There are 2 protein chains.
Amino acid sequence: MAQKWVYSFGNGHAEGKAEMRELLGGKGANLAEMSNLGLAVPPGFTISTDVCAHYTSNQNQYPKALEEQVNYALKQIEKDIGKNFGDPKNPLLVSVRSGARASMPGMMDTVLNLGLNDQTVKGLAQVSGDERFAYDSYRRFIQMYGDVVLGVEHHLFEDILADYKDDNDLALDTELEAKDWKEISLKFSSKVQAELGNPFPQDPLDQLWGAINAVFGSWMNNRAHIYRKLHDIPESWGTAVNIQSMVFGNMGDTSATGVCFTRNPSTGENCFYGEYLVNAQGEDVVAGIRTPQPLTLFEKTTNDTDLPSMEENMPDLFGELLTIRGKLEQHYKDMQDMEFTIEDGKLWMLQTRNGKRTGKAALRIAVEMAEEGLISKEDAINRIEPEALDQLLHPTLDPDATRDLLGKGLPASPGAASGKIVFSAEEAEEMVLKGNKVILVRVETSPEDIGGMHAADGILTTRGGMTSHAAVVARGMGRPCVAGAGQMKVDYKSATLSCGGKTVVAGDVITIDGSRGEIMLGKVKTIQPELTGDFGTLMDWVDQIRSLKVRTNAETPEDAQTAIKFGAEGIGLSRTEHMFFDPERIIHIREMILSSNIDERRQALNKLLPYQRKDFISLFQIMKGLPVTIRLLDPPLHEFLPVKNDEIEEVAKAANIKAEIIRERAHALQETNPMLGLRGCRLGIVHPEIYEMQCRAIFEACAEVAKDSAQTVTPEVMIPLVGSKKEYDILHDMVDRIASEVSIEKKVELNYITGTMIELPRACLLAGQIAERAEFFSFGTNDLTQTTFGLSRDDSGSFLTHYQDQNIYEKDPFVSIDIEGVGELIEMAAERGRKRRPDIKLGICGEHGGDPASVAFCEKIGLDYVSCSPYRVPIARLAAAQAVLRTRTLVED
Amino acid sequence: MAQKWVYSFGNGHAEGKAEMRELLGGKGANLAEMSNLGLAVPPGFTISTDVCAHYTSNQNQYPKALEEQVNYALKQIEKDIGKNFGDPKNPLLVSVRSGARASMPGMMDTVLNLGLNDQTVKGLAQVSGDERFAYDSYRRFIQMYGDVVLGVEHHLFEDILADYKDDNDLALDTELEAKDWKEISLKFSSKVQAELGNPFPQDPLDQLWGAINAVFGSWMNNRAHIYRKLHDIPESWGTAVNIQSMVFGNMGDTSATGVCFTRNPSTGENCFYGEYLVNAQGEDVVAGIRTPQPLTLFEKTTNDTDLPSMEENMPDLFGELLTIRGKLEQHYKDMQDMEFTIEDGKLWMLQTRNGKRTGKAALRIAVEMAEEGLISKEDAINRIEPEALDQLLHPTLDPDATRDLLGKGLPASPGAASGKIVFSAEEAEEMVLKGNKVILVRVETSPEDIGGMHAADGILTTRGGMTSHAAVVARGMGRPCVAGAGQMKVDYKSATLSCGGKTVVAGDVITIDGSRGEIMLGKVKTIQPELTGDFGTLMDWVDQIRSLKVRTNAETPEDAQTAIKFGAEGIGLSRTEHMFFDPERIIHIREMILSSNIDERRQALNKLLPYQRKDFISLFQIMKGLPVTIRLLDPPLHEFLPVKNDEIEEVAKAANIKAEIIRERAHALQETNPMLGLRGCRLGIVHPEIYEMQCRAIFEACAEVAKDSAQTVTPEVMIPLVGSKKEYDILHDMVDRIASEVSIEKKVELNYITGTMIELPRACLLAGQIAERAEFFSFGTNDLTQTTFGLSRDDSGSFLTHYQDQNIYEKDPFVSIDIEGVGELIEMAAERGRKRRPDIKLGICGEHGGDPASVAFCEKIGLDYVSCSPYRVPIARLAAAQAVLRTRTLVED
């Protein structure tokens with residue numbers, strides 16, 4: 001027996017089913033599934049992907065048995081629908097569509113109304129009782145078929161139509177009557193003949209095979225080829241072809257067409273939701289020429305419209321649709337997005353698929369379906385895209401508001417905000433004090449701008465990537481941020497921001513959308529987030545399942561509190577240097593840097609001690625016994641020195657030294673590659689007095705909180721940028737020494753552990769040695785990514801776009817852990833560390849801690865926790881639970 | 001039977017031998033060996049290192065049997081030498097010396113003349129017939145013992161002596177007579193009593209145990225402890241103590257003392273060489289109060305001196321010594337450094353050890369000994385310290401010349417040079433054109449300085465490490481260089497160089513010693529190198545043994561020729577960017593960078609093409625078919641733009657654009673961490689036209705050379721800084737495309753291979769994937785070290801000294817491959833690369849290619865070649881052979 005190449009569907013059953021996606025493509029499998037469910041699907045058949053493989057590997061020859069099988073399937077359609085292909089009285093018309101396993105732009109998409117010719121068009125006119133409709137359909141068919149199958153350029157048809165309108169003083173398509181379309185379809189046919197030297201094919205079977213060839217041919221065309229290469233889709237997959245009988249919703253008042261959702265896709269509310277139009281085609285709903293009518297009475301009331309609902313207008317058909325709604329949702333166990341057409345009183349289902357929804361709706365639907373018992377709690381958890389939670393936690397732009405786009409950048413920190421633009425951090429603070437909302441616009445930000453960034457409602461930079469200073473700090477603060485808007489130009493002198501000929505000046509209002517990376521002129525309406533009960537319910541379920549702990553990166557009390565609210569289970573990274581930028585404090589750190597000897601340096605550090613101690617006390621109090629990882633000073637010292645002349649003068653005055661000395665010192669501290677210079681534990685080795693002060697502040701804070709509140713305080717002292725055992729051991733000794741001094745002085749027992757940030761490839765390689773003393777490893781994936789790739793995140797903006805264009809990195813390695821490279825190093829370090837010290841605590845504290853794919857990786861290699869910025873804590877919790885569920889599925893499989 | 005703690009020697013036999021170094025320490029084992037050889041060694045005994053272990057782990061208690069064994073051994077000495085310990089008539093005097101397995105500063109060293117007291121000193125006077133000698137010895141003993149054993153400070157004795165001289169109007173020690181020394185020894189004794197409250201010990205046995213205690217005690221003192229910690233010497237090793245009878249060379253004209261070498265230690269000539277003094281002690285030879293006399297007639301003649309040689313003066317004893325010379329060299333199979341004393345006509349051997357020698361002597365001795373059949377060729381190869389070859393290849397400072405030290409820096413490139421100082425590269429070139437020799441002094445150098453560096457005889461920088469730009473380039477050119485002289489200050493404005501209060505100005509002459517990192521005022525005499533036949537002979541042997549190929553890093557014809565002369569087997573790294581800095585060319589590369597569109601960029605590149613092609617033609621011609629690895633452009637583009645204002649103006653004029661545009665472009669290209677920015681293959685991805693031009697130049701050069709000379713040309717095109725497979729594949733495709741274009745145009749078949757520089761941790765991890773296309777890997781160990789450690793070599797100067805002080809890195813990782821970290825990555829990459837492509841070519845081309853330990857590592861992991869700067873080629877060849885020999889030994893063991 002010949003191989004089966006063709007699979008029929010419709011008439012309440014099908015030869016295929018949903019699971020046969022590989023053979024039938026997504027569309028074919030789905031049409032088969034609906035048929036099997038007993039729904040009225042316009043009958044048709046699918047030519048399998050095997051045929052495509054045969055076709056491409058045999059010089060565009062089809063398997064022998066194909067023609068026969070196609071003819072047989074065509075007969076089935078004719079029988080089911082009661083129309084015949086090429087019948088001049090009551091012609092069967094079909095659509096021909098491609099349908100690959102994955103949706104694939106660049107391929108031939110659709111030919112409608114195939115089967116029309118100079119004869120059958122008359123039959124269609126008669127059967128439909130609408131000559132205008134018939135000839136309009138015919139001219140559309142000629143154009144579509146001429147363009148995609150025969151290769152006659154689109155604009156040639158457009159020109160004919162335009163000329164015809166001009167000649168006849170017609171403006172809109174709706175003004176054209178049957179005779180006009182008839183004449184135009186003749187002109188279209190002639191054009192095809194003129195271009196190709198052959199008449200437009202009149203035999204419906206010729207038309208059909210022409211379309212089938214075009215679909216299979218388009219699988220190998222250049223655009224599809226490139227797309228597959230970029231997305232690693234194997235050429236061998238091939239595409240299927242779907243041939244399906246046409247049904248028409250525009251055959252009078254007993255016909256209609258509509259789209260509907262089983263639940264409300266924007267709120268998630270469990271009520272039937274949709275639109276329909278009487279005597280209309282699918283295109284009409286989309287084109288917006290007529291206003292669609294509500295599906296239900298409820299919607300009619302809610303939307304306060306006079307248009308009659310389908311529920312009132314066609315109660316029986318509505319009832320039928322309502323049953324289908326229930327059936328499909330029960331079957332697919334998810335909210336469905338359906339398309340239907342009513343042809344002369346008969347309801348046909350054209351499509352069902354899982355519906356797109358807002359983050360809010362996704363949450364509500366998942367939780368309610370689980371509560372209804374339709375899906376399990378685990379399914380509910382899996383249904384929420386972790387990134388979608390961002391929408392719930394940040395203000396978003398009103399989707400209905402108009403946007404006057406000024407430029408684009410990277411979506412660096414989610415949320416939307418409007419405000420007057422300012423070009424410096426100081427100005428931001430001043431303007432906010434006067435009651436303004438501002439957007440801080442900078443070429444790039446530096447630690448000195450922290451105050452202004454906090455004051456601003458949003459941040460925009462024209463340089464830097466997703467993990468630039470601006471992006472990282474903004475995410476930490478929960479401020480919307482668009483970073484690296486490279487086509488925009490900031491001119492500080494004239495205080496202007498310009499892009500593509502448009503210029504705004506300081507004080508003008510702009511809006512930024514940090515979730516999409518867009519910058520808009522003026523104020524765009526935003527929607528404030530609200531955390532619903534559903535959120536809490538889902539998070540409870542999530543926490544029952546996940547095994548990874550989720551901590552937060554925080555150093556200010558505000559951030560720590562936000563994180564606790566979002567469910568953080570400790571602080572995984574407290575960057576002590578951020579605490580130094582307060583104007584009261586930075587003066588002392590500068591004094592320290594400018595000191596010419598160690599005694600002066602110690603004096604300056606002694607002034608900083610009380611501030612640091614206070615910071616730690618408040619963090620310990622907020623975290624109520626949860627672990628708090630404190631990283632000792634990490635950045636190079638020159639980051640604390642002023643750069644601008646007036647600032648230098650100011651500091652010189654305050655510190656009572658010559659400006660020249662400050663300049664000299666700043667110059668001496670300058671580095672070619674500061675990222676790879678005197679920072680991290682190298683500072684601790686060269687200037688032990690700095691780390692000594694910080695440790696003293698930590699332990700004195702512990703002592704005080706422990707005494708006052710009788711609470712356990714468990715600081716984890718973290719030594720950054722370690723690359724060798726000796727480096728680590730020297731500083732671990734120092735931590736122990738200071739702890740024991742404070743313990744004796746304050747007469748308290750201190751509970752603490754000491755460990756290191758693993759952020760250099762060498763630290764990963766030597767992790768076994770380092771773990772001899774280190775009690776925890778926290779992977780600093782930002783720096784580890786930079787050193788492993790030899791890629792500075794601050795400088796990569798200039799070429800990463802080229803890299804994205806050529807798809808060199810699958811994902812931005814600063815956003816999602818590069819599993820092949822950086823991931824292997826992390827896994828190696830975890831393994832070697834655990835081998836040497838089985839109970840070593842392992843976590844990550846880079847920006848990746850809040851990225852779902854990275855969280856899944858951490859779960860897979862068995863880390864103890866991830867740490868991320870406060871606003872990403874819920875995302876990480878969800879991702880951690882999903883990772884567990886994924887492992888379970890793998891085990892069960 | 002009690003454990004043996006004490007080992008006697010002397011009198012023609014010994015209880016120990018050379019192999020018992022662990023138990024007897026180096027000195028003890030050596031004295032035993034000489035005794036066993038039947039040489040007259042003053043009798044003595046060694047207390048073993050086991051006693052030290054017992055002593056330190058049992059609260060300074062000795063094993064029970066020790067005292068008895070010491071007494072017994074002492075009796076042996078008395079018997080052998082015919083003198084008795086404490087005998088007031090003919091007293092036995094002994095020396096007490098420590099002797100650990102490895103020489104160890106910080107420990108008690110020596111006490112001489114032990115056994116003297118108020119009685120025995122008289123006996124010594126009588127026996128020696130020299131009262132002055134006896135009391136001089138006694139006062140020395142009191143001072144030495146008082147200081148090192150009893151802890152009476154040295155200066156107290158010096159004060160007494162100085163006061164005595166003042167009181168008696170005496171200036172020189174030689175003016176003091178017997179009565180003076182007698183009185184002084186009394187004063188010394190009293191001082192000890194006054195300080196300690198006890199008299200100076202008179203019982204020789206008390207003296208002996210005091211000295212033994214002091215040696216063992218010093219094993220645990222603080223300095224020794226720190227030294228051991230820094231050098232990883234286990235505390236458990238312990239030290240031995242050697243007690244040996246004194247012999248005196250100052251007992252009249254039949255006594256003498258001397259030092260000699262079995263061959264000439266500065267030339268290596270096979271002739272007996274040494275000095276002696278009649279009626280003198282060892283100290284006198286060293287102190288230089290009397291002029292030593294030549295040992296042989298030959299030396300007497302050569303040195304044109306009237307002083308009688310030992311050969312004439314004491315022919316019998318000289319004959320005896322000559323026999324010993326032969327015996328010891330035959331026994332130790334190496335040139336010996338011997339000490340002897342003749343006491344009243346009897347020759348005593350006090351010491352023999354492998355003699356220190358110059359590089360030149362080492363070479364000659366090794367080659368001649370192998371030719372004499374004394375040692376094997378393999379032994380000869382192992383005898384040469386690879387670094388010592390440097391002395392042979394570069395000018396060195398005359399060791400006899402006086403040096404007026406101005407400052408110190410890092411020994412960045414070997415050799416010595418004198419010249420007038422200049423502070424800019426242009427000035428260097430101008431001055432040299434006028435016939436001057438110059439030393440170029442810069443804070444640091446940049447690629448723009450290449451011309452001046454070439455012109456200068458030596459280079460001095462005050463910033464940067466062993467692999468800074470200055471150091472790398474200087475080594476490549478064979479120019480002496482002192483880098484990172486941090487205490488020196490360059491002031492460009494006043495054109496001065498100052499250090500520690502001394503200042504020199506432009507035009508002053510200084511001398512630098514790049515082998516020692518020293519900077520001297522004025523001209524110091526240098527010795528020019530000469531390559532002897534021995535060098536060629538050794539290198540022949542070396543080449544028969546080594547398996548690693550040795551290539552060179554070179555881009556200029558001069559360097560390539562030098563390298564060929566030194567035996568290079570190809571070019572492992574040709575840095576094409578160095579070719580761009582010629583004034584004729586840099587203008588075009590600047591034009592290219594300043595172009596606003598791709599057409600302009602291509603035009604500028606077209607102008608560069610002929611230059612590059614010419615460079616490659618000449619390299620191919622010189623290398624005569626040997627492989628030539630050409631690295632496509634690597635450094636960030638801003639390195640080519642001018643920085644100084646006048647230069648900017650000049651370029652603006654030449655390129656006919658506004659200076660402002662150059663500044664803007666330079667600013668736009670500025671990077672925070674250029675090392676991790678837009679460079680290497682990233683340039684090739686962003687601006688493919690640059691690499692296209694370079695490939696075209698390479699292949700057109702191949703075509704031309706192949707046609708003209710019918711010679712095979714085998715370029716290896718190297719893509720730098722690859723971190724992912726896709727990056728590599730895109731550029732490999734580009735190389736192939738250009739090759740095939742040129743092949744068609746020129747109608748020649750091109751033989752080439754394409755590969756990549758592995759210099760990022762991620763490239764090591766993904767080496768398997770990259771090897772799918774890459775035909776060779778060349779490990780760029782400089783950058784790999786920087787990224788693996790997260791350490792910029794340009795910026796590490798500020799803290800690496802602290803790291804060295806605390807011994808954090810065993811070796812400077814930029815000088816010798818960090819085997820634990822970087823080495824593991826290299827090994828991993830080699831393994832993964834070979835697994836995917838078994839015939840992949842593997843080599844290294846970082847600065848480490850010329851470091852012997854790194855070469856050994858490359859041999860161990862089975863690389864195919866190393867590549868290093870021309871002057872290090874012989875060193876690498878030798879190191880490669882030694883590495884093979886080491887492996888053989890390991891296999892045989």
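Residues numbered from 1 in each chain as written. Chains lettered and ligands numbered in written order. Predicted model: local features only at pLDDT ≥ 70, side-chain atom pairs only at ≥ 80, totals over all residues. Heavy atoms only, no water.

Some thoughts on the overall build of chain A
What counts here: The way it works is that DSSP assigns letters per residue, a run of H or I at least four long becomes a helix, a run of E at least two long becomes a strand, and they are numbered from the N terminus. Residue contacts follow a heavy-atom distance rule, with two residues in contact if any of their heavy atoms lie within 4.5 Å.
The number of helices and strands found in chain A is 35 helices and 34 strands. C-alpha atoms of chain A, sized along the principal axes, occupy 105 × 60 × 60 Å. Across chain A, the fraction of contacts at a sequence separation of at least 24, relative to all contacts at a separation of at least 6, is 67%.

A look at the side chain of B:T576
Residue and element names in this part refer to chain B. The following threshold applies: Exposed residues in this analysis have more than 50% of their type's maximum accessible area, buried residues have under 20%, and partly exposed residues fall in between, with area computed by a 1.4 Å probe over protein chains only.
Relative to the helices and strands, T576 resides in the loop between β28 (571–575) and α22 (583–594). A relative accessible area of 0% places T576 in the buried class. In this view, T576 contacts Q612, F616, I630, R631, L632, L633 and Q694; residues no more than four positions away in its chain are not counted.

With respect to the side chain of B:E329
Residue and element names in this part refer to chain B. Our working definition: In protein, a polar contact means a hydrogen-donor-capable atom and an acceptor-capable atom, both N or O and within 3.5 Å, with residues adjacent in sequence counting only if both atoms are side-chain atoms; elsewhere, any N or O pair within 3.5 Å suffices.
Checked against the element boundaries, E329 lands in helix α13 (residues 315–332). Judged by relative accessible area, which is 8%, E329 ranks as buried. Here T262 takes part through its side chain, which lies 2.6 Å from a polar atom of the side chain of E329. Apart from residues lying up to four places away in sequence, E329 is in contact with T262, R263, D334, M335, Q336, M369 and L374.

Digging into the sheet that holds strand β30 (residues 715–719) of chain A
Residues and elements named next belong to chain A. As a reminder of what qualifies: Pairing between strands is defined by DSSP: at least two bridges between them are needed. Helix axes are fitted to C-alpha atoms over the stretch in contact, other axes to C-alpha atoms as well, and angles between N-to-C directions run from 0 to 180 degrees.
In space, the 8 strands of this closed barrel follow the order β27-β28-β29-β30-β31-β32-β33-β34, with parallel pairing throughout. On average, each strand axis in the sheet is inclined to that of its neighbour by 25 degrees, with strand direction left out of account. With 2 bridges joining them, strand β27 (residues 549–553) and strand β28 (residues 571–575) adopt parallel strand pairing. Opposite T552, over in β28, you have I571 as the bridge partner.

Thoughts on the sheet that holds strand β21 (residues 489–491) of chain B
Residue and element names in this part refer to chain B. Read from one edge of the open sheet, 3 strands run β21-β22-β23, paired in antiparallel fashion. Looking along the sheet, the strands with just one partner apiece sit at the ends: β21 and β23 (502–505). Taking the axes of each pair of neighbouring strands and ignoring which way they run, one obtains an average angle of 20 degrees across the sheet. Looking at chain direction, strand β22 (residues 496–499) and β23 are connected through 4 bridges and run antiparallel. Residue pairing across strands places C499 opposite K502, the latter belonging to β23.

Some details on the nonpolar core
Using the following cut-off: Among buried residues, the Ala, Val, Leu, Ile, Met, Phe, Trp, Tyr and Cys ones that are joined through side-chain atoms within 4.5 Å form a nonpolar core.
Counting residues in each nonpolar core, the largest one holds 280 residues, and the members touching the most others are A:F620, A:F699, A:F777, B:F620, B:F699 and B:F777. In contact with B:F777, not counting residues within four places along its chain, are B:T756, B:I758, B:A767, B:I770, B:A771, B:A829, B:G833, B:I840, B:K841, B:L842 and B:G843. Of all hydrophobic cores here, the second largest spans 68 residues; its members include B:I47, B:F85, B:L114 and B:F216.

So, the confidence of the model for chain A
Put simply, the rule is: Residue-level confidence of the predictor is summarised by pLDDT, bounded by 0 at the bottom and 100 at the top.
With 98% of its residues at a pLDDT of 70 or more, chain A has an overall mean of 91. Across the whole predicted complex the pTM is 0.83, and at the interface the ipTM reaches 0.82.

Brief notes about the packing of helix α27 (residues 688–709) of chain A against helix α28 (residues 725–746) of chain A
Residue and element names in this part refer to chain A. Here is the rule: Angle categories: roughly parallel below 35 degrees, roughly antiparallel above 145, roughly perpendicular from 65 to 115, and oblique for all the rest. Handedness of each helix crossing follows the sense of rotation of the near helix against the far helix: counterclockwise by less than a right angle gives left-handed, clockwise gives right-handed. Put simply, Ala, Val, Leu, Ile, Met, Phe, Trp, Tyr, Cys and Pro go in the nonpolar bin, Asp, Glu, Lys and Arg in the charged bin, and everything else, Gly too, in the polar bin.
With their axes 9 Å apart at the nearest point, α27 and α28 run at an angle of 40 degrees to one another. As judged from the angle between their axes, α27 and α28 are oblique. The hand of the α27/α28 crossing is right-handed. Along the contact surface, α27 presents Y691, E692, C695, R696, F699, E700, A703 and K707, while α28 presents L731, M734, V735, R737, I738, A739, E741, V742, E745 and K746. Across the contact of α27 with α28, the residue classes tally to 10 nonpolar, no polar and 8 charged.

Quick notes on the relation of the copies chain A and chain B
Note the cut-off: The copies are overlaid by a least-squares fit using only the C-alpha atoms of residues whose pLDDT is at least 70 in both copies.
Least-squares fitting of chain A to chain B yields an RMSD of 0.3 Å, with the transformation described by 0.1 Å of translation along the axis and a rotation of 179 degrees. With respect to symmetry, the two chain copies, as superposed, fit the operation of a two-fold axis. Looking at the rotation axis and the C-alpha trace of chain A, the residue lying nearest is A:N673, at 2.1 Å. Looking at the interface residues of chain A, 98% of them are also at the interface in chain B, so both copies use one shared face.

A look at the packing of aromatic side chains
Selection criterion: A pair of aromatic rings is counted whenever rings of Phe, Tyr or Trp (Trp by its six-membered ring) have centres within 6.5 Å, and the orientation is called stacked for planes under 30 degrees apart, edge-to-face for over 60 and tilted otherwise.
Scanning the model with the defined rule gives 40 aromatic pairs over all chains in all. With 5.0 Å between their ring centres and 75 degrees between their planes, A:F133 and A:F248 make a pair best called edge-to-face. One end of the pair, A:F133, is in helix α5 (residues 131–148); the other, A:F248, is in the loop between β8 (239–245) and β9 (256–261), with 115 residues separating them in the sequence. The class for A:F133 is buried, based on a relative accessible area of 6%. Taken together, a centroid distance of 6.0 Å and an interplanar angle of 70 degrees make the contact between B:F580 and B:F640 edge-to-face. Of the two residues, B:F580 sits in the loop between β28 and α22 while B:F640 sits in the loop between β29 (628–631) and α24 (645–655), which places them 60 residues apart along the sequence.

Re the interface of chain A and chain B
We apply this condition: Note: buried area is the sum, over both parts, of the accessible area (probe 1.4 Å) each one loses when the two are combined. Definition used for salt bridges: Asp or Glu carboxyl oxygen within 4 Å of a side-chain nitrogen of Lys or Arg.
Contact with chain A, which involves 48 residues of that partner, is made by 47 residues of chain B. With both sides pooled, the region where chain A packs onto chain B buries about 4,500 Å², and carbon together with sulfur makes up 52% of that total. Counting the contacts that link chain A with chain B gives 6 salt bridges. One salt bridge in this structure joins A:D818 and B:R762, with 2.5 Å as the shortest N-O distance.

Observations concerning the environment of B:G452
Residues and elements named next belong to chain B. Looking at the element boundaries, G452 is found in helix α18 (residues 450–455). Taking the relative accessible area as the measure of exposure, G452 reaches 0% and is therefore buried. Separated by 27 residues in the primary sequence, G452 and A425 have C-alpha atoms spaced 3.9 Å apart. Beyond its immediate stretch of four places on either side in the chain, G452 contacts A425, A428, E429 and L440.

Thoughts on the environment of B:T537
Residue and element names in this part refer to chain B. With respect to the helices, strands and loops of the structure, T537 is situated in helix α20 (residues 533–545). Using a relative accessible area of 22% as the deciding quantity, one classes T537 as partly exposed. Separated by 294 residues in sequence, T537 and E831 have C-alpha atoms that sit 36 Å apart. The contact partners of T537, leaving out residues within four places of it in the chain, are V367 and E371.

Points about unusual backbone geometry
Residues and elements named next belong to chain A. We note that D169 has phi near 55 degrees; this positive angle belongs to a residue other than glycine. Mapped onto the secondary structure, D169 falls in the loop between α6 (154–167) and α7 (178–196). Even without being glycine, N807 reaches a positive phi, approximately 55 degrees. Looking at the element boundaries, N807 is found in the loop between α32 (797–805) and α33 (819–836).

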